[in-house]
Structure formats: structure tokens, C-alpha cells
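# Residue-level structural notes
These are the residues of each chain, in order.
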Amino acid sequence: MSATARATASPLAGALEVWQSRDGAPTRGDRLYLVYVAVLTVLVIGVPAGRTVIGALARPDVIPYLLSGSAPNVLTGAWLALCALLVLVGAVRGPALLTPFFTVTLASSSMPRRRALLRPFARALGALAALVTVLGALMAGTLVQAGLASAGEAAVFSAACAGAALLAGGAWLLGEIAGAAVRRILAGALVLAGLAAALLPGGGLIGPGAALPGGSGAAEIGHIAALVLVLAGLAAVVIGALRLNRVRGTVLLEQARRWADATTTAVSGDLAAAAGAFRALPTAGRRLPAIGASGGAGPVALLRLYARRDLVALARTPERTVAAVLGMLAAGAALALAAPLTGPVRWALVVGAALVSHAAASALVDGARHGIATIGAPGLFGQSAGRQVLCHLPVPLLTAALAAGSGALCIVLLGAGGAPGVTAAVLLAPLLVIGRVRDAAKGPMPLRLTMPMPTAQGDASIIPMLAWQADGPLLAIATGVLLALGAGIGPAAALIAAGAMLAVLGVGAVTRMRELQG
């Protein structure tokens, strides 16, 4: 068939022909080679790595957690929290996403949107299901390695995790389709359901926790739960595929452009700007007064005024605020779980908690960012930049400490953690808020770091660029490890460690602000 005939037969044939004939377009052989490399990587690297992880998890201090009566509750609560988070993520990056070129082309064609979005939707759900299933297989494999579960029970639990992941993918798509009000109500309901599942007796039976080997006490319950989750997950995929026509064109184009811009910025080396592209704009609370009379004079009235401004700012971006609180809760829970453990499992949880807290703290320091942005500008608010930053700190510090401490305390009340984890969580979260202020005063990346560095192995200029970008996460990890060590010794040691890191982060923030002032 000629090109003219193909264009007549399909309104997209001409665009597809141009796209497929571009320079560097992957051929069928290239795709088959990628499949071959993926399979080989799983067999050569993935399987041995999985066995190593299972061997590290099959320890006397880890197995009791997986067999505890609260394990199904915690697992189901974490799954519902993941669904809530994906609902919010769908507002900025949904599972049905195309490149800007194809988005514009499809929006102006008569092709059903469902047909065009089916492939990226299936690809996103497949990646999510694969990740969650692997995590479930590692948990079940640990019990098999310890001789506490059979291979059949591990397979049933892995299937339950796959079904739960597909349901989470349906929630992700719903966040892309639904409006702001529906999205917030659904996310709030899922968070409350997750808390209820984690804290109430028998709450784990409504999710994948019911299929955890040894957790429910009856294999029949696990089989039924796995079957229900798999069928519900498949139903969610089918319903989601049929509802792809409901994705609005404006949402598709906005998300496609944001993702493309963020990818380009990240490739250039500016990871902070790439993450900033996904920062949610204010969408609620427009009538809430953020600026008004302080109601008096003095430092207390000034702090009260800034606190109101910060609280209103958090209320105006509810999705971002909820995601930050969920992240702090998860980080606190991980620190509590890590407290009684030893070996690599403990430090993996501590490092993960530090990174999650570091990411969550970003949503709480917008006021401090604004104060730093006023450096060098006319003094419109009557306070210097440093004073503005200090006045903007109480709300994020208290929010981070309360959220992280609540997550750790919930785990301790469930009997699945250690009290030192609560101390570490309450101290770590505020410190990482200070770390985020230090990162905000970082300024642009020096041009000298982008200069070529010829070596025998090629251009090594990416190494200093990555080191410059990674100083914040590395300091967060160091802070988490130091506080975990101190909390394990005692409260006094934890306070000493927190004081040392406060000095490091605080001096770094002040020094960088002075450098920006010139």
C-alpha cells in the first residue's frame, strides 16, 4: 500500500510514518534485542541479587516481624497509603502519558483516545506490578528460606501483591482522570482506611496482608484474599482501559510537556530544577487570608503571623502537603522498625527513611525558599532574608517532627518496633528541614563543573556534577545513620548527634546565604 493510501486509510498513518523514519528510531530488531538484554539481566543479575537479599533478610531479628500478628495490618495499611499517594501523583504524572508530539497529534485526530493511550497505560501498570510483585516475592522468599512457608504459599502471596499493584494502578489512573475535589476526597479516604487497617484488629484481611504466609493463621483465607485481589486487579485494568477516553486533552498535554521538560533538565545535570517542574501550583484555599494584621507587636506576634502564612500555604497545595505528611509517616515507621534490627537490613531501612524524609521535607520549606529568594531584592516585608527564613521555620519543623514521630509511635504501639526509633524520627525530620533550607541556598551549579574532563575511559565531567547535586541526599543519609547510632545508645547520645548535625547543617545554610548576598 502506498503512503497516500495509508494516509487516507488512517488519519495518523502519515504522522506515524514520519515518526518511525526519524533518525535513531528503534527498529523491530532493536526491540527484540532489548527484550533479550532484559531477560538476560534478570537471569544473570536479578536472580542472584534476589537470593542475596533473601539471605540477608532471613535473620533471627527479621523473621519475627514477618510472623507477628501486626504484620498483615502494617502491610495492608502501607498498600492503602501507596494507593493514596498514587492518586495524588496522577495529578502531575499519570500512567497514560505520551510524548508531546504524539499528544498533540492524537488530540487533533479522530483516533479513539483509548486506543492511543492503551500502550503507555499497560506499560506503566506492568512496571508497577513487577516492582510490587518482586517486593512481595522477597518477603515470601525470606519465609521460605527460613523454612516457615512453602513455595506454594509464596506464590499465592506474590500473586496477591500483583493484584494489589494492579488496583493501585487503577487508583493512579483515577488520579489522572478525576478532578481536584474528587482526587482529594479519595486520597483522604484511602489514608484513613490505611490507618484503620494498620491499627484495628483484623484490618489486614482487606488487603494483601491477608495472604502473607503465617500472618492470617489460615491458608484458606490467604488463597481467597489472593484470588479476590487478582480478580479485582484485572477488573481495575479492564475498567481503566475502557475509561482512557475520559482523560482530558489539556491534562495529557500539560503532563507530557512537564515530563519532557523535566527529563531534558535532568539530563543536563540540574536535578533540583527537574524536581521543581513537578511542584504543584496552589489550587485550593484562595480565599484564606495569608497576609493580614499581626494582631500586636513583638517577636511572638511576628511568629504568629508567619505561622499563619505557612499554614495557609500548606492548605493551598493539599496534594503536596498530604504527600509530604505520608512520606514523613513512612520514614518514621521505617526508623521504628529499624531500631531493634541489626546488620544490613537495619541500615537499609535507616537510609531509606533518611531519603524519604529528605524528599518529603521539600514540600514544607516553601516559605524559607521565598525568604532566600528575596536576597538582593528590595525589602518589601520589613525583615531581612535571614529573619524571614527563621520566622518560616517553626511550622515545617513542628509538622515534620509530629508526622515522623506519629509514624514511629504507631509502629511501636503495634509492637513491631523499638522506642529508640521514635527518638530518631522526632530528631531526624526537623534536621532534614534545616538541610532543605541549606539546599535552597545552594544557588546555581558553577560552570566550572561542566568543563570536560578527558580520561582514558572518556569524559568524566559527570562525576563532579553528580557530586554537586548529591550533597543534600548524602548529608541526609549521614544524619540518619548518626541519629540511629545515637538513639541506639541512649537519648543523651541522640541529642549530642542531633546537635552536631544541626551545627553542620545550620552553618552550611548561613554560609550559603552569605555567599548569595555577596
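Summary of the structure given here. Quantities reported herein were computed from a predicted structural model and do not represent experimental measurements.

Parameters and conventions
Residues numbered from 1 in each chain as written. Predicted model: local features only at pLDDT ≥ 70, side-chain atom pairs only at ≥ 80, totals over all residues. Heavy atoms only, no water. 1 Å grid on protein atoms, 1.4 Å probe; cavity = no way out; pocket = protein on both sides within 12 Å on 5 of 7 lines; lining within 4 Å. Points joined across faces, edges and corners; volume = space filled by probe spheres on them. Helix = DSSP H or I, 4+ residues; strand = E, 2+ residues; numbered from the N terminus. Nonpolar A, V, L, I, M, F, W, Y, C, P; charged D, E, K, R; others polar. Core = buried A, V, L, I, M, F, W, Y, C linked by side-chain atoms within 4.5 Å. Buried < 20%, exposed > 50% of the residue type's maximum accessible area, 1.4 Å probe, protein only. Contact = heavy atoms within 4.5 Å. Phe/Tyr/Trp six-rings, centres within 6.5 Å; stacked < 30°, edge-to-face > 60°. Lys NZ or Arg CZ within 6 Å of the ring centre and 35° of its normal. Salt bridge = Lys/Arg side-chain N within 4 Å of Asp/Glu carboxyl O. Patch = residues over 30% accessible without salt bridge, like charges linked within 9 Å, V, L, I, M, F, W, Y side chains within 5 Å. Areas by Shrake-Rupley, 256 points an atom, 1.4 Å probe, with all protein chains shown as cover.

### Some remarks on empty space enclosed by the protein
In this structure the tally under the stated criterion is 1 cavity of 30 Å³ or more. Taken as a whole, the largest cavity encloses approximately 40 Å³ of empty space. Taken together, His358, Leu432, Gly435, Arg438, Asp439, Gly472, Leu475, Ala476 and Leu505 make up the full set of residues lining the largest cavity. The set of elements that each furnish at least two residues to the lining of the largest cavity consists of helix H19 (419-440) and helix H21 (471-489). The biggest single contributor to the lining of the largest cavity is H19, with 4 residues. Tallied by class, the residues present in the lining of the largest cavity amount to 4 nonpolar, 3 polar and 2 charged.

### Comments concerning the nonpolar core
If you look at the biggest cluster of nonpolar residues, it comprises 56 residues, and the most contacted ones within it are Met328, Leu335, Ile372, Val437, Leu483 and Met513. Going through the elements one at a time, helix H14 (318-338), helix H15 (343-361), helix H16 (366-373), helix H17 (385-391), helix H18 (394-413), H19, H21 and helix H22 (491-517) are the ones with two or more residues in this core. Here this core takes 11 residues from H19, the largest share from any one element. Residues in contact with Val437, not counting those within four places in the same chain, are Val365, Ala368, Ile372, Val389, Leu393 and Ala509. If you look at the next biggest cluster of nonpolar residues, it comprises 48 residues, including Leu80, Ala164, Ile177 and Val247.

### Considerations on the packing of aromatic side chains
Applying the stated rule across the entire model yields 2 aromatic pairs. When the ring of Tyr33 is compared with that of Tyr36, the centres are 6.3 Å apart and the planes differ by 35°; the resulting orientation is tilted. Of this pair, Tyr33 and Tyr36 both sit in helix H3 (residues 28-57), separated by 3 residues, roughly a single helical turn. Residue classification places Tyr33 among the exposed positions, given a relative accessible area of 52%. For the pair Phe101 and Phe102, a centre-to-centre distance of 5.3 Å together with 70° between the ring planes defines the contact as edge-to-face. The partly exposed category is assigned to Phe101, whose relative accessible area is 35%. Accessibility expressed as a relative area gives 16% for Phe102, which makes it buried. The ring centre of Trp259 lies 4.5 Å from the NZ or CZ of Arg93, which sits over that ring.

### Focus: the pattern of salt bridges
Per the counting criterion, the structure on display carries 9 salt bridges. A salt bridge links Glu319 to Arg184; the shortest N-O distance between them is 3.0 Å. Taken together, the positions of Glu319 in helix H14 and Arg184 in helix H9 (residues 180-199) put the pair 135 residues apart, joining distant regions of the chain. Residue classification places Arg184 among the partly exposed positions, given a relative accessible area of 24%.

### Structural notes on a nonpolar patch on the surface
On the surface, a cluster of nonpolar side chains totalling about 1,100 Å² of accessible area is made up of Tyr33, Leu34, Val35, Tyr36, Val37, Val39, Leu40, Val42, Leu43, Val44, Ile45 and Val47. Structurally, the position occupied by Val44 is in helix H3. Using a relative accessible area of 53% as the deciding quantity, one classes Val44 as exposed.

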